[in-house]
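For reference, the chains in residue letters:
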Amino acid sequence: MARLDEPFTVGGLTLPNRIVMAPMTRTASPGGVPGPDVAEYYARRAAHRVGLIITEGTYIGHPAAPAYDGVPDFHGEQALAGWAHVLRRVHEEGGRIIPQLWHTGAARTATDPPAEGPSGVGLDGAPAGRAMTHKDIDASVEAFAVAAAHAARLGFDGVELHGAHGYLIDDFLWTGTNRRTDRYGGDPASRARFGAEVVRAVRAAVGPRFPVFFRFSQWKLGEYGARTATSPDELRLLLEPLAAAGVDVFHASTRRYWLPEFEDSDSTLNLAGWIRKLTGRPTVAVGSVGMDQQYGEGDFSQGFTGPSGVTGIDELVARLDRDEFDLVAVGRSLLANPDWAALALRGELDRAVPYDPSVLRTLA
């Protein structure tokens with residue numbers, strides 16, 4: 001486990017090890033305000049040696065950003081005061097924490113205001129919400145930048161932009177939801193333009209040394225076979241503008257970290273490996289780490305699928321040793337075991353308890 005326990009530095013942030021808590025929506029913040037229970041939930045993981053905590057998705061201050069009740073905001077006096085307490089508790093335990101900034105885009109089902117996306121279509125291709133005007137685009141870019149500025153002002157250790165799973169930034173990246181014929185649609189670089197504008201505005205708001213992570217995926221909620229990039233070259237064309245705009249680290253969301261991303265390639269690299277190779281940026285790998293059941297057919301409201309047994313992480317560590325990726329994000333295993341990182345670093349995962357969806361009933 002030596003490599004897993006090595007420090008990692010990006011910008012002005014140094015992590016004590018390579019283990020990251022993956023962002024997982026918990027819907028435990030009534031009225032959008034994270035309470036003391038949320039603070040203690042994250043602080044427990046920090047106390048047990050998680051190198052970096054990426055919070056659950058938090059809504060930026062835009063009327064069309066929310067989609068689910070109980071998700072915390074990252075705007076407004078009360079919500080930001082709640083996050084300041086979360087931050088304080090995590091830092092008291094020696095941890096590092098960054099908020100994930102989120103606009104749900106086409107996933108929003110409410111009609112007042114309606115969902116906003118690049119083309120007014122949902123993840124299934126059916127009409128949904130409305131197509132964004134250039135004024136709408138500018139407003140969303142600004143809302144991301146304002147949220148990032150809040151994070152820097154409060155003293156967070158960085159930010160992550162949610163550009164995955166069929167939410168707003170990803171809606172622009174994917175041809176399934178982006179049918180625009182203006183400068184925001186068409187070829188890969190044009191589809192990446194909105195995301196690059198968000199990154200550039202965030203970078204301007206937080207300065208050059210404040211780490212900016214970007215979560216990217218091929219799959220979407222309910223569309224697990226979706227492919228944002230069908231080849232390494234298309235992936236490069238999509239991600240290069242984001243890297244140039246100021247992304248420091250790409251967080252590659254997959255359901256199974258051990259599978260090769262492009263089956264018609266001779267390479268066994270997973271998505272994080274390909275992104276690292278193509279952009280030269282550090283990457284985070286994620287996907288059923290320590291589990292004998294993959295993340296399945298269902299979103300967080302369906303319990304992160306069924307129970308799962310505990311598995312070893314020898315292959316994960318071997319890939320890390322080969323520099324396929326730089327950091328490892330852990331989700332459900334950390335819900336069942338707040339001390340998972342400490343167990344892994346001591347080589348004692350045989351003491352970990354299996355994941356069961358019942359752990360979602362409380363902030364354990």
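Computed from a prediction, not measured in an experiment: that's the story for all the values here.

Examining the overall build of the protein
Regarding its fold elements, the protein presents 11 helices and 12 strands. The globule rule puts the C-alpha radius of gyration for 364 residues at 21 Å, and the 19 Å found for the protein is close to it. Counting only C-alpha atoms and orienting by the principal axes, one finds that the protein spans roughly 55 × 50 × 40 Å. Counting across all 364 residues of the protein, residues that qualify as buried make up 60%. Of the contacts formed within the protein by residues at least 6 apart in sequence, a portion of 73% connects residues at least 24 apart. For the protein, the distance from the average site of its 36 positive side-chain charges to the average site of its 45 negative ones is 3 Å.

Let's talk about unusual backbone geometry
In this structure, Pro113 follows Asp112 across a cis peptide bond, with omega equal to -5°. Relative to the assigned elements, Pro113 resides in the loop between β5 (97-102) and β6 (116-117). The backbone phi angle of Arg49 is positive, close to 80°, even though this residue is not glycine. A positive phi angle, near 60°, is found at Ser288, a position not held by glycine. The residue Ser288 is located in the loop between β11 (283-286) and α9 (314-321) in this model.

Some words on the pattern of salt bridges
Across all of its chains, the model carries 22 salt bridges by this definition. The partner of Asp182 in a salt bridge is Arg180, with the nearest N and O atoms 2.8 Å apart. Under the relative-accessibility criterion, Asp182 is labelled partly exposed at 26%. The exposure class of Arg180 is buried, given its relative accessible area of 13%. The shortest N-O distance in the salt bridge between Arg236 and Glu240 comes to 3.4 Å. With Arg236 and Glu240 both in helix α7 (residues 232-245) and 4 residues apart, this pair spans about one turn of that helix. According to the relative accessible area criterion, Arg236 is partly exposed, its value standing at 25%.

Some remarks on the sheet that holds strand β3 (residues 19-21)
Neighbouring strands of a sheet are bound in pairs by backbone hydrogen bonds; such pairs are parallel or else antiparallel. The 8 strands are arranged β3-β4-β5-β8-β9-β10-β11-β12 in a closed barrel whose pairing can be described as parallel. Put simply, the sheet's adjacent strands are angled 25° from each other on average, direction ignored. Here strand β8 (residues 159-165) runs beside strand β9 (residues 212-220); their pairing, made up of 6 bridges, is parallel. Along β9, the bridge assignment pairs His165 with Lys220.

A word on the nonpolar core
Judged by nonpolar contacts, the single largest core of 88 residues is most densely connected at Leu161 and Phe214. Ranked by residue count, the leading element in this core is helix α3 (residues 134-154), at 7 residues. Among residues more than four places away in sequence, those in contact with Leu161 are Leu101, Phe144, Ile169, Val198, Val199, Val202, Val212, Phe213, Phe214 and Arg215. Leu13, Val20, Leu52 and Ile98 belong to the second largest nonpolar core, which has 15 residues in total.

Things to note about the side chain of Ser29
With respect to the secondary-structure elements, Ser29 resides in the loop between β3 and α1 (36-47). With near-sequence residues (within four places) excluded, Ser29 lies in contact with Pro34, Val38, Gly70, Val71 and Pro72.

As for the side chain of Glu197
Checked against the element boundaries, Glu197 lands in helix α6 (residues 193-206). If near-sequence neighbours (up to four positions away) are discounted, Glu197 is found in contact with Ile137, Val141 and Tyr184.

A short note on the packing of α6 against α7
Taken N-terminus to C-terminus, the directions of α6 and α7 make an angle of 15°; their axes are 8 Å apart at the nearest point. Between α6 and α7, the crossing angle belongs to the class labelled roughly parallel. With respect to the hand of their crossing, α6 and α7 are arranged in right-handed fashion. Every residue of α7 that contacts α6 at Gly195, Ala196, Val199, Arg200 and Arg203 is listed here: Pro241, Leu242 and Ala245. For the contact of α6 with α7, the residue count by class is 5 nonpolar, 1 polar and 2 charged.

Digging into the pairing of strand β4 (residues 52-59)
Where burial is concerned, most of β4 is hidden: 8 out of the 8 residues are buried. One ladder, built from 2 bridges, connects β3 with β4; its direction is parallel. Residue Val20 lies in a different strand from β4, and its bridge partner there is Leu52. Where β4 meets β5, 5 bridges bridge the pair, whose relative direction is parallel. Bridging across to β5, Ile54 finds its partner in Ile98. Note on the crossover from β4 through helix α2 (residues 77-92) to β5: the handedness is right-handed.

Some points on the environment of Leu269
Tracing the chain through its elements places Leu269 in the loop between β10 (249-253) and α8 (271-279). On the accessibility criterion, Leu269 (18% relative accessible area) is buried. Considered as a pair, Leu269 and Tyr257 are 12 residues apart in the sequence and their alpha carbons are 9.6 Å apart. Leave out the neighbours within four places in its chain, and Leu269 touches Leu259, Pro260, Glu261, Trp274, Lys277 and Glu324.

Reading the values: rules and limits
- Residues numbered from 1 in each chain as written.
- Predicted model: local features only at pLDDT ≥ 70, side-chain atom pairs only at ≥ 80, totals over all residues.
- Heavy atoms only, no water.
- Helix = DSSP H or I, 4+ residues; strand = E, 2+ residues; numbered from the N terminus.
- Rg over C-alpha atoms; globule rule 2.2 N^0.38 Å.
- Buried < 20%, exposed > 50% of the residue type's maximum accessible area, 1.4 Å probe, protein only.
- Contact = heavy atoms within 4.5 Å.
- Lys, Arg positive; Asp, Glu negative; His and termini not counted.
- Charge placed at Lys NZ, Arg CZ, Asp CG, Glu CD.
- Salt bridge = Lys/Arg side-chain N within 4 Å of Asp/Glu carboxyl O.
- Pairing = 2+ DSSP bridges.
- Axes fitted to C-alpha atoms, helices over the stretch in contact; angles between N-to-C directions.
- Core = buried A, V, L, I, M, F, W, Y, C linked by side-chain atoms within 4.5 Å.
- Parallel < 35°, antiparallel > 145°, perpendicular 65-115°, else oblique.
- Left-handed = near helix turned anticlockwise from the far one by under 90°.
- Nonpolar A, V, L, I, M, F, W, Y, C, P; charged D, E, K, R; others polar.
- Right-handed = clockwise from strand over helix to strand, strands pointing away.

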